[in-house]
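The primary structure of each chain is shown beneath.
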Amino acid sequence: MSALVATEFCPVYSPFFGVMGATSAIVFCCFGAAYGTAKSGVGLTSMGVLRPDLIIKGIVPIIMAGIIGIYGLVVSVLIGNGFKQVMSLYAGFIQLGAGLSVGLAGMAAGFAVGIVGDAGVRASAQQPRLFTGMILVLIFAEVLALYGLIVALILNTKATTAEC
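In this text, all values refer to a predicted model and were calculated from it rather than measured experimentally.

Caption draft 1: Representation of the UniProt feature "transmembrane region" (unreviewed entry) in the chain within the structure. Annotation from UniProt places "transmembrane region" (unreviewed entry) at residues 12–38, 59–83, 89–117 and 129–155. Helix makes up 93% of residues 12–38 and strand makes up 0%, while its end C-alpha atoms are separated by 41 Å. Overall, residues 59–83 shows 88% helix and 0% strand. The separation of its end C-alpha atoms is 38 Å.

Caption draft 2: The pattern of salt bridges, seen in detail. The full count for this structure, using the stated rule, is three salt bridges. Residue Lys-39 is joined to Asp-118 by a salt bridge in which the shortest nitrogen-to-oxygen separation is 3.6 Å. Taken together, the positions of Lys-39 in helix 2 (residues 14–50) and Asp-118 in helix 4 (residues 89–126) put the pair 79 residues apart, joining distant regions of the chain. The class for Lys-39 is partly exposed, based on a relative accessible area of 29%. Here Asp-118 falls in the buried class, since its relative accessible area comes to 10%. Across the pair Arg-51 and Asp-53 runs a salt bridge, and its minimum N-O distance is 3.3 Å. Taking relative accessible area as the criterion, Arg-51 reaches 28% and is therefore assigned partly exposed. A single salt-bridge network, built from bridges that share partners, covers Lys-39, Asp-118 and Arg-122.

Thresholds, definitions, all that
Residues numbered from 1 in each chain as written. Predicted model: local features only at pLDDT ≥ 70, side-chain atom pairs only at ≥ 80, totals over all residues. Heavy atoms only, no water. UniProt positions renumbered as here; feature names shortened; annotations may be inferred. Helix = DSSP H or I, 4+ residues; strand = E, 2+ residues; numbered from the N terminus. Salt bridge = Lys/Arg side-chain N within 4 Å of Asp/Glu carboxyl O. Buried < 20%, exposed > 50% of the residue type's maximum accessible area, 1.4 Å probe, protein only.

See the structure below:
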């Protein structure tokens, strides 16, 4: 009877959910980072035509967008370290939730960083006093991905305690 209960709570497909969590973390965060980099890069090159002296200052949104991809990488590696051939369904679902939380938060943050970075870089080229405001809005956009990272780390610690 106990072997039947163990297979109910630890089916053979449980690791699939963990793998999908790791995949979701890196893929969605990289979608957001790529969009943020591309959108901010377009604004930077447009601004660089008129004010090439401000190009280094305008790289800040591109760097912030790239950091979002690192969040997904960290969570994917942490989830991947918890993979086992036999694992509980609970652990698989927790790992999926961790990956989705950082991935979708990172994608949303990347979109926000890209849009703010594009408009902010162009505007700060015309009015330099807007640079500080742009940085503050970028920080608020970036922190959305950080919230997803924190939730994913907390969830992933719960997955390591699940046993079959």
